[in-house]
Amino acid sequence: MHRIPLIMIVSTDFAGQVRGKGFPASELDTRLDKGVGWTFTNTMINCFGQIPATPWGPRGDLIVVPDTATEVDVDFGDGSVNERFYLGDILTMDRQPWDCCPRNYLRQTLKDLNDLTGLNLVAAFEHEFVHRGQADRLGDSYSQDGVRRIGEFPEAFLYALAEAGVEPETFLPEFAPKQFEFTVKPADALTAADRAVIVREIARGTAWRLGDTVSFSPVVTRGAAGNGVHLHMSFQDADGRPATHDADKPGGLSDTAGSFIAGILEALPALVAVTAPSYMSYERLKPNSWSSSVTNLGYRDREAAIRICPVSDVPGADVASSFNFEFRAGDAASSPYLYFGCLVRAGIDGIRRQLPTPKPTTSDPAGMDAAARKDHGITDLPTSMEQALDLLERHPKAQEFLPGEMLSAYLMHKRGELSMLEGLDIDEICRMYAEAY
Ligand code: GLU
Ligand code: MG
């Protein structure tokens, strides 16, 4: 069949969904400058494709202008149409960043961090997902057979990611039935968020070409382990030297890293409304599920909200360059830009106030009495999206975390999404999110 190549320019909205517009490849030069038309209310389309409420109605115009550094043009080698898109920034008609552009929000936030500290963040998002095509076998957790049973998917996925400029690190079978995990090499923070968007699209694109689907929904199978999106972070100074580790300090964290973490954990009961922003997210954020349910900094603990990750214990090992911490109370219902951006905004607040490093936990917080919890700065995370949104709205710094119109529009978006679930039973809700994500 004869074809004209089609290129899409896309952005991610408040639902973390990737939406955009396309044009014939021959128009690329013009479109790199002019972008594609967009409208305010597009960001209010929720994960179910509905707009229960919007502050803007049908009025107003914007443009999405591509960033050439994010070009994806992948030929899967199977005769299918190439995956061709650019990630873009949403600008106003006078070409200023739009208040509610998630990508610009993260970029601006990283600049604020750098202005305050002189430091940059290096980061990597880890994704868990369920492959819905294979017949599973009892007891397949982490198994060789689990990988075999999804056939070409892992290798085609790795190939496509490498072609898209995303540097694969690992692909592994996870604990739950048909669950897998993909990790990518660390990069500068904005690139890390771009890669998270690309990873999800390429996973869908690979599965679709093989006649399958994948789901990143926080809980695809009720009762089984959920799908987390974890974020590894470390600081670098202007010369690229590691700046997260201080062997003499609590948890091995430098004062700046410790204050950054303290700011995040203090605000976390409100921030999960952004990092874990769906009804199903709270089916995952439960005790004893290897995700997180309280605001602790944990030493090598996979149920901590922030985990101090393992480094070599061999004497003389270069610890500083691999030292990093991992935020775990997030999932793929969140836009990677909003997820990362709100954590950095709270971290900046912690650095400004020079908060002390939270005392790292080395045992299960569930077994702690009130005094020990207080000593470790532990509070419970909300147990529903509704509660999380209320905590965000009431947080004295909410407007600082989500500046400008973003806060009120975001709350409206998410409450509209929840209103669509009223009266539905949880299995139906689970099914809807599994399809949407
Ligand atoms: N599936 C767990 C989560 O929901 C994470 C398991 C792991 O440590 O990789 O976050
Ligand atoms: Mg995992």
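Residues numbered from 1 in each chain as written. Chains lettered and ligands numbered in written order. Predicted model: local features only at pLDDT ≥ 70, side-chain atom pairs only at ≥ 80, totals over all residues. Heavy atoms only, no water.

**Q** Lay out the coordination of the magnesium ion (ligand 2) in plain terms, naming residues and giving numbers.
**A** For the magnesium ion (ligand 2), every protein donor is listed as Glu128 (OE), Glu174 (OE) and Glu181 (OE), and the spread of their distances is 1.9 to 2.0 Å. All donor residues of the magnesium ion (ligand 2) come from one chain, and their arrangement in sequence is E-x45-E-x6-E. Exposure class is identical for Glu174 and Glu181. Each is buried. (Donors = N, O, S within 2.8 Å, 3.2 Å for Na, K, Ca; no water. Buried < 20%, exposed > 50% of the residue type's maximum accessible area, 1.4 Å probe, protein only.)

**Q** Mind laying out the packing of helix α6 (residues 255-275) against helix α8 (residues 336-352), listing which residues take part and the relevant values?
**A** For any two helices packed against each other, the geometry is given by the interaxial angle and the distance between the axes. Where α6 contacts α8, the axes come no closer than 6 Å and their chain directions differ by 135°. When the axes of α6 and α8 are compared, the pair comes out oblique. Of the two possible hands of crossing, α6 and α8 adopt the one that is right-handed. Here Thr256, Ser259, Phe260, Gly263, Ile264, Glu266, Ala267, Leu271, Val274 and Thr275 of α6 lie close against α8, whose contacting residues are Leu338, Tyr339, Cys342, Leu343, Val344, Ala346, Gly347, Ile348, Asp349, Gly350 and Ile351. In terms of residue class, the contact of α6 with α8 is built from 13 nonpolar, six polar and two charged. (Axes fitted to C-alpha atoms, helices over the stretch in contact; angles between N-to-C directions. Helix = DSSP H or I, 4+ residues; strand = E, 2+ residues; numbered from the N terminus. Parallel < 35°, antiparallel > 145°, perpendicular 65-115°, else oblique. Left-handed = near helix turned anticlockwise from the far one by under 90°. Contact = heavy atoms within 4.5 Å. Nonpolar A, V, L, I, M, F, W, Y, C, P; charged D, E, K, R; others polar.)

**Q** Before we move on, could you go through the nonpolar core and cite the residues and values that matter?
**A** The biggest cluster of nonpolar side chains holds 126 residues, and the ones touching the most others in it are Leu121, Phe260, Phe327, Phe340 and Leu392. Top element by residues in this core is α6. It accounts for twelve residues. With residues near it in sequence (within four places) discarded, Phe327 still touches Val229, His230, Leu231, Met233, Ile264, Leu268, Thr275, Ala305, Ile306, Tyr339 and Leu343. (Core = buried A, V, L, I, M, F, W, Y, C linked by side-chain atoms within 4.5 Å.)

**Q** I'd like to hear about the packing of helix α10 (residues 385-394) against helix α12 (residues 406-419), residue by residue, with values.
**A** For the pair α10 and α12, the least separation of the axes is 11 Å and the interaxial angle reads 165°. As judged from the angle between their axes, α10 and α12 are roughly antiparallel. For the element pair α10 and α12, the recorded crossing hand is left-handed. Of α12, the residues touching α10 (which contributes Met385, Glu386, Leu389, Asp390, Leu392 and Glu393) are Leu407, Tyr410, Leu411, Lys414, Arg415 and Leu418.

**Q** Go over the state of the cysteines with me, naming the residues and quoting the values.
**A** Taken as a whole and assessed by the stated rule, the structure comprises zero disulfides. Unpaired in terms of disulfides, Cys101 finds its nearest cysteine sulfur in Cys100, a separation of 9.2 Å. Accessibility expressed as a relative area gives 1% for Cys101, which makes it buried. (Disulfide = S-S within 2.5 Å.)

Everything listed here is a matter of coordinates, which is why it stays silent on function.
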